[in-house]
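Architecture at a glance
Residues per chain, in single letters:
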Amino acid sequence: MRRQARKTGFYTAVVLLVLFSILPIAYAVLTIFKKESELFDPGSNPFLYEQGATLKHLVFLFTGTPFPTFLWNSLVIGVFVVAITVVLAVPAAYALARLTGRWGESSGMAIFLVYLIPPTLLFIPLFRIVVWLGLANSIWSLVVVLPTITVPFCTWLLLGFFRSVPRELDEAALLDGCSRFTAFRKVVLPQALPGIGACMVFAFSLSLSNYIYSVTFISESASRNLSAGVPTELIRGDVYFWPSLMAATAIVAIPLGLAYGLLFDYLVRGFQSAETG
Amino acid sequence: MSAAAQGGWFARAGDALERPRVLGTVMLAPAVLYIVAFVAVPFCIAIALSFSDATVGDPTISSFVGLENFRAVMQQEAFMSALRNSIIVTVATVVGIVVLATIAVEILAREFPGRRLVQVLFMLPWAMPVALAAITWLWLLDSQFSPIDWLLVQLGLLGPGTPLGPAKHLYYLGREWLGLGSVVFVDIWRTLPLATIIVLAGRLSIPRERLEQAQIDGAGFFRVLLRIIIPALAPVLIVAILFTALLVIGEMSTVALLTRGGPGHSGQILPYWAYLKGIESGDLAQGAAVSLFLFPVLAAAAIVALRFAARLHRD
Amino acid sequence: MIHDCINGANGDMAVLETRGLKKHFGRIRAVDGIDLTSTDGELLAILGPSGSGKSTLMRMVAGLEEPSAGDILVDGRSIVGIPPKRRNVAMVFQSFALYPHMSVLENIRFPLVARRVPAAEQREKIDWVTGILDIGDLLERRPTRLSGGQMQRVALARALVRDPELFVFDEPLSSLDAQIRSQARGELRELHDRTQITTLYVTHDQLEALGLADRVAVVHNGCIQQLGTPRTLYEDPGNLFVAGFIGDPPMNRLDLGDNVILGVRPEHLLLEHGEEDPGEVALRLEVELEHLEFLGAEWLIYAAVCAGVPETGRRRPRVIARLRQAEPPSMETGQRRTLVVRRANARYFDAESGERRSAPSGVAA
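Residues numbered from 1 in each chain as written. Chains lettered and ligands numbered in written order. Predicted model: local features only at pLDDT ≥ 70, side-chain atom pairs only at ≥ 80, totals over all residues. Heavy atoms only, no water.

Per an unreviewed UniProt entry, the recorded name for chain C is Trehalose import ATP-binding protein SugC, and the organism is wastewater metagenome.

Chain A carries the name Inner membrane ABC transporter permease protein YcjP in an unreviewed UniProt entry, which gives wastewater metagenome as its organism. Recorded in UniProt under Subcellular location (unreviewed entry), the annotation for chain A is "Cell membrane". (UniProt positions renumbered as here; feature names shortened; annotations may be inferred.)

Put into structure tokens, the structure is as follows:
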């Protein structure tokens, strides 16, 4: 009896948690296929389809708005930011975890302090640097600047992953005839691949997510990314293209959510080793 | 062996790279140089700007005006409102996060059928770009078509002759406290997954024997939670609080999209005000002063919190 | 160096020598001046409690730590400053350190690939080493799917496959289950006899060191306390530390006063039977039996000394005697007996310095 009650309580909690998490996105998906006549009828039940569904808004999103451009720009920015992040953070994290001695051991806090400097503090001077580099209004401004957010975070996360790889593995590789760098590449790196995967997902989503740099550096529609483009171009003054807006958010959210969900355990493991390291 | 041992510049460089310090420096250098160029330098420029009279029209940092910008900024009503709201929103979000993350962790730490699906759905808020997430909430909280209002009306809680008033809409984003409350709610909603992952990592590090021992000793669920789990989680809760606070205090898109700092400036927050000042109205110096305002407090708080977390870890 | 012989008896035996070797970590002197010379093809054990500096010594030989002072030589050539990849030293780690993302075969091949050994030669060597260690049927498996004993064989194969000049073993048996440890010990010795590679065997377990090694260096506080064959260490400990560390139960220590300590092995504490030649007896002890312990082939007798040595403290000294018989001895706790120590079995130490000394002149004749 008591066990049954406990079980019911637990699953109630699970359902509430999931509802809380998916509420806006579920409603967004519900909105995408609604006809406008029903959508803007205050008397209709917003959770039902009483007048049938339509693909019109989805088609409009891809044909009548610059959304495909935003999507493509975000994708390009994301890929480059991920690449830069991996190239900078992976060697740095290994160096701090293994090579720099006592100095590296206390580096977790230092990296954290870099991460602590919020974008809101830097966007004004960074805007000037971007202008000086001739990158204003170009997606490359974001490619150059967004790693300031992802590199410290990913270094911190990877530091934990590298620390959880037994030191004897590096040492065995050294004795087996590898140089230190080869030992890192052939032996340590493969152990940290899940961590690097987690970092890539994190870096990608952080690059999509940043709003302040996106709206500050880029004001031309053709160079805008999702974060800056969708709210500015799909909302004209007071006219909101609600179903198309919802389609835009759902299209971005669902694949990213899947990626996160599947990497969930690796993310937890990453934080586990980062916290105890 | 002897072939490789033969001197030459190349071999000597190779041997140098075998020294941990040398290789470590080489591997660390790109990241450090990048961070210096794009974080440290701009940070210094931000400080210089905040003491200058630079504008978009004349962006050179030529004349220094001391604390003039800070003084001017503090006299603006919008700034004081932004400072107050930034603190309120951050504190309220953190409190909400601590409570909800502790609960979510107890759920996700268990094995149950469908756990993978729950993980995917649970991560959705964090996976979405903040601006897009804010838009979905904008629609949910719409002044005319909010489905939440509709539900409340159906439940007899909203509308004429009901506890929540005669109007059929709550106008979440158009009222000062309801608007701020909505911002807090959305901030909790979007940062909960990350905070949960951080705390869950700590929760899974608690040795199972310790929990089982407590159960054997006759402790019930809540006693185990209060006496064993929460004390053991204190260090990671601090990390989670730090992460959440930083994410919330530096993010302007929720406010920019939901309430636009309104009504008036009553819902203003610091980063959005800095953006409006520095970029929209072109006063770089005052914008920098606004955005710098919280940094010393933030840095001090973070250092204290991390020290504390590190000490708890050792015990 | 030409590795033309792949049958194991490769003749590349090496002499390892350390001269005044020191390693300090800040104020901690992990290794504090070690002079050690192996003979060709020897299995030399480094035995010491944890924190004695034995691991640091081994890591310096392998090239994983740089010495603070002193020199390490292989066949007379200094190897200090040479990175580990160019020292031909192979190591078997306590945790075995198998690469988890590689199959057993890839693990064994790894040192050959790293050293750019031609493919044909790789195959020959792998065949040879898998034959010796009998792991031919494990090659496709992942290390995580191996038992402790199998992991050890793979680790040995990986170390052996490249004909190292020097083998370094770091507690290679301590991760194994107790049941297979003695078997693994025998196999290690057999492997060494076949390959004749000079081996440094680091352990805290005296059974391993004494049972396996040609010679044993007992290390404590970063210094070598004594270097000798297992028999020498057991029969003629050079100081009180070695006397107390080697042997289980350790040597009994009896304070004779005048700065003299007598050490005697438990099996050399004999029950008096009245026919001893008085000239042969170094010490007679009146003891009260406290308890008896049955260990299968022998009995341990715990006793408190009542008379025979000068009174020194509040507490009566305790001794342990060993009786090599399976049937119960005819004695009970609480009884008083007399034990004798023969002159040939008595070892004397200086109480202050702990070093060995000659028999004091006052000792009973």
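Concerning the overall build of chain C
Helices and strands together make up the secondary structure of chain C, namely 8 helices and 19 strands. Projected onto its principal axes, the C-alpha positions of chain C cover 75 × 45 × 35 Å. Taking all 365 residues of chain C together, the buried fraction comes to 51%. In chain C, the share of contacts with a sequence separation of at least 24, taken over all contacts with a separation of at least 6, comes to 66%. Total accessible area on chain C is roughly 16500 Å²; 47% of this is exposed by carbon and sulfur atoms. Each charge sign in chain C was given a centre, from 44 positive and 51 negative side chains, and these centres are 6 Å apart. (Helix = DSSP H or I, 4+ residues; strand = E, 2+ residues; numbered from the N terminus. Buried < 20%, exposed > 50% of the residue type's maximum accessible area, 1.4 Å probe, protein only. Contact = heavy atoms within 4.5 Å. Areas by Shrake-Rupley, 256 points an atom, 1.4 Å probe, with all protein chains shown as cover. Lys, Arg positive; Asp, Glu negative; His and termini not counted. Charge placed at Lys NZ, Arg CZ, Asp CG, Glu CD.)

Describing the environment of Leu174(A)
Positionally, Leu174(A) belongs in helix 10 (residues 167-175). The class for Leu174(A) is buried, based on a relative accessible area of 3%. Considered as a pair, Leu174(A) and Val187(A) are 13 residues apart in the sequence and their alpha carbons are 10.0 Å apart. Discounting chain neighbours no more than four positions away, the residues touching Leu174(A) are Ser179(A), Arg180(A), Ala183(A), Glu18(B), Leu64(C), Pro84(C) and Lys85(C).

Focus on the pattern of salt bridges
Residue and element names in this part refer to chain C. As enumerated under the stated definition, the model contains 34 salt bridges over all chains in all. Among the ionic pairs, lysine 125 bridges to glutamate 121, the shortest N-O distance being 3.9 Å. A residue pair is termed a helical-turn pair when its members lie 3 or 4 positions apart in one helix, as lysine 125 and glutamate 121 do in helix 3 (residues 119-133) at 4 residues. The exposure class assigned to glutamate 121 is partly exposed, which follows from its relative accessible area of 25%. Note that aspartate 193 is salt-bridged to arginine 189, the shortest N-O span being 3.1 Å. (Salt bridge = Lys/Arg side-chain N within 4 Å of Asp/Glu carboxyl O.)

A look at the domain arrangement of chain A
All names here are of chain A. Domain boundaries in chain A define domain 1 (1-54) and domain 2 (65-276). Computed from C-alpha coordinates alone, the two centres of domain 1 and domain 2 are separated by 32 Å. Counting residues at the interface gives 7 residues for domain 1, matched by 8 residues for domain 2. Each partner contributes to the roughly 580 Å² buried at the junction of domain 1 and domain 2, and carbon and sulfur atoms together form 90% of this total. Counting the surface domain 1 buries against domain 2, the share from its top three residues, Ile25, Ala28 and Ile32, is 58%. The interface formed by domain 1 and domain 2 holds 0 salt bridges in total. For the pair domain 1 and domain 2, the number of links is 0 residue pairs in polar contact (both at pLDDT 80 or more). In terms of residue count, the dominant contributor to the side of domain 1 that touches domain 2 is helix 1 (residues 2-32) (5 residues). Grouping the constituent residues of the side of domain 1 that touches domain 2 by class yields 6 nonpolar, 1 polar and no charged. (Domains from an automatic or database assignment. Buried area = accessible area lost by both parts, 1.4 Å probe. Polar contact = N/O pair within 3.5 Å; in protein donor to acceptor, adjacent residues only side chain to side chain. Nonpolar A, V, L, I, M, F, W, Y, C, P; charged D, E, K, R; others polar.)

Focus: the packing of helix 1 of chain A against helix 6 (residues 115-127) of chain B
Two numbers describe how helix 1 of chain A lies on helix 6 of chain B: the axes approach to 8 Å, and their chain directions differ by 45°. Considering the angle they form, helix 1 of chain A stands oblique to helix 6 of chain B. Note on packing geometry: the crossing formed by helix 1 of chain A with helix 6 of chain B is left-handed. Residue-level inspection shows Val14(A), Leu17(A), Val18(A), Ser21(A), Ile22(A) and Ile25(A) of helix 1 of chain A in contact with helix 6 of chain B, the latter providing Val118(B), Leu121(B), Phe122(B), Leu124(B) and Pro125(B). Partitioned by chemical class, the residues of the contact of helix 1 of chain A with helix 6 of chain B number 10 nonpolar, 1 polar and no charged. (Axes fitted to C-alpha atoms, helices over the stretch in contact; angles between N-to-C directions. Parallel < 35°, antiparallel > 145°, perpendicular 65-115°, else oblique. Left-handed = near helix turned anticlockwise from the far one by under 90°.)

Thoughts on the nonpolar core
One recurring pattern in soluble globular proteins: nonpolar side chains tend to sit buried together. The biggest cluster of nonpolar side chains holds 238 residues, and the ones touching the most others in it are Phe153(A), Phe162(A), Phe202(A), Tyr213(A), Val230(A), Phe271(A) and Phe243(B). Judged by nonpolar contacts, the second largest core, of 46 residues, contains Ala90(C), Leu112(C), Val161(C) and Phe245(C). (Core = buried A, V, L, I, M, F, W, Y, C linked by side-chain atoms within 4.5 Å.)

What to know about the interface of chain A and chain B
Of the residues lining the interface, 103 residues belong to chain A; the matching set on chain B comes to 102 residues. Surface buried jointly by chain A and chain B totals about 9000 Å² across both partners, of which 81% is contributed by carbon and sulfur atoms. Where chain A packs against chain B, one counts 2 salt bridges. Residue Arg115(B) is joined to Asp265(A) by a salt bridge in which the shortest nitrogen-to-oxygen separation is 3.5 Å. Linking chain A to chain B there are 9 residue pairs in polar contact (both at pLDDT 80 or more). Element by element, the count of residues in the side of chain A that touches chain B is highest for helix 1 of chain A, at 16 residues.

Thoughts on the domain arrangement of chain C
Per the domain assignment, the segments making up chain C are domain 1 (16-235) and domain 2 (252-357). Relative to domain 2 of chain C, the C-alpha centre of domain 1 of chain C lies at a distance of 39 Å.

A few points about the sheet that holds strand 10 (residues 223-228) of chain C
Residue and element names in this part refer to chain C. Strand order across the open sheet formed by 6 strands is 6-7-8-3-9-10, with mixed pairing between neighbours. Both outer strands of the open sheet, strand 6 (89-92) and strand 10, are each paired with one neighbouring strand and no more. Taken over all neighbouring pairs, the strand axes of this sheet differ in orientation by 20° on average, direction set aside. Examined bridge by bridge, strand 3 (residues 43-47) and strand 9 (residues 215-220) share 4 bridges and lie parallel to one another. Residue pairing for strand 9: leucine 44 is matched across the bridge by arginine 215. Of the strands in this sheet, strand 3, strand 6, strand 7 (166-170), strand 8 (198-203) and strand 9 are in contact with helix 1 (residues 54-62), which crosses strand 7 at around 150°. Of the strands in this sheet, strand 6 and strand 7 are in contact with helix 4 (residues 148-160), which crosses strand 6 at around 175°. (Pairing = 2+ DSSP bridges.)

Thoughts on unusual backbone geometry
Residues and elements named next belong to chain C. Along the chain, aspartate 248 connects to proline 249 via a cis peptide bond; the corresponding omega equals 0°. Among the secondary structure elements, proline 249 is positioned in the loop between helix 8 (240-245) and strand 11 (252-257). The backbone of aspartate 163 sits at a positive phi, close to 50°, despite the residue not being glycine. Accessibility expressed as a relative area gives 3% for aspartate 163, which makes it buried. With a phi angle near 55°, aspartate 258 is a residue other than glycine that sits in the positive phi range.

Observations regarding a nonpolar patch on the surface
Together, Ile87(B), Val91(B), Val95(B), Val99(B), Leu100(B) and Ile103(B) give the surface a local cluster of nonpolar side chains, amounting to about 490 Å² of exposed area. Here Ile87(B) is to be found in helix 5 (residues 77-108). (Patch = residues over 30% accessible without salt bridge, like charges linked within 9 Å, V, L, I, M, F, W, Y side chains within 5 Å.)

Description of the pairing of strand 17 (residues 336-342) of chain C
Residue and element names in this part refer to chain C. Note: strand 13 (residues 270-271) against strand 17, 2 bridges, orientation antiparallel. Pairing of leucine 271 across the sheet is with leucine 339, part of strand 17. Across 7 bridges, strand 14 (residues 281-294) lies against strand 17 in antiparallel orientation. The partner of leucine 285 across the bridge, within strand 17, is leucine 339.

Concerning the sheet that holds strand 12 (residues 260-264) of chain C
Residues and elements named next belong to chain C. Taken in spatial order, the 4 strands of this open sheet run 11-12-18-19, and their pairing is antiparallel. The sheet is open, and its two borders are formed by strand 11 and strand 19 (356-357), each paired with just one other strand. The pairing of strand 11 with strand 12 spans 5 bridges and is classified as antiparallel. Note that in strand 12 the partner of arginine 253 across the bridge is glycine 263.

Looking at helix 9 (residues 176-204) of chain B
Residue and element names in this part refer to chain B. Between its terminal C-alpha atoms helix 9 stretches 41 Å, which fits the 42 Å expected from 29 residues at 1.5 Å a residue. Within helix 9, the axis deviates most sharply at leucine 192, by approximately 45°, and proline proline 193 lies no more than four positions further along. Within helix 9, 23 of the 29 residues are buried, which leaves it mostly tucked inside the rest of the structure. (Expected span 1.5 Å × (residues − 1). Bend = angle between axes of the 7 residues up to and from the residue.)

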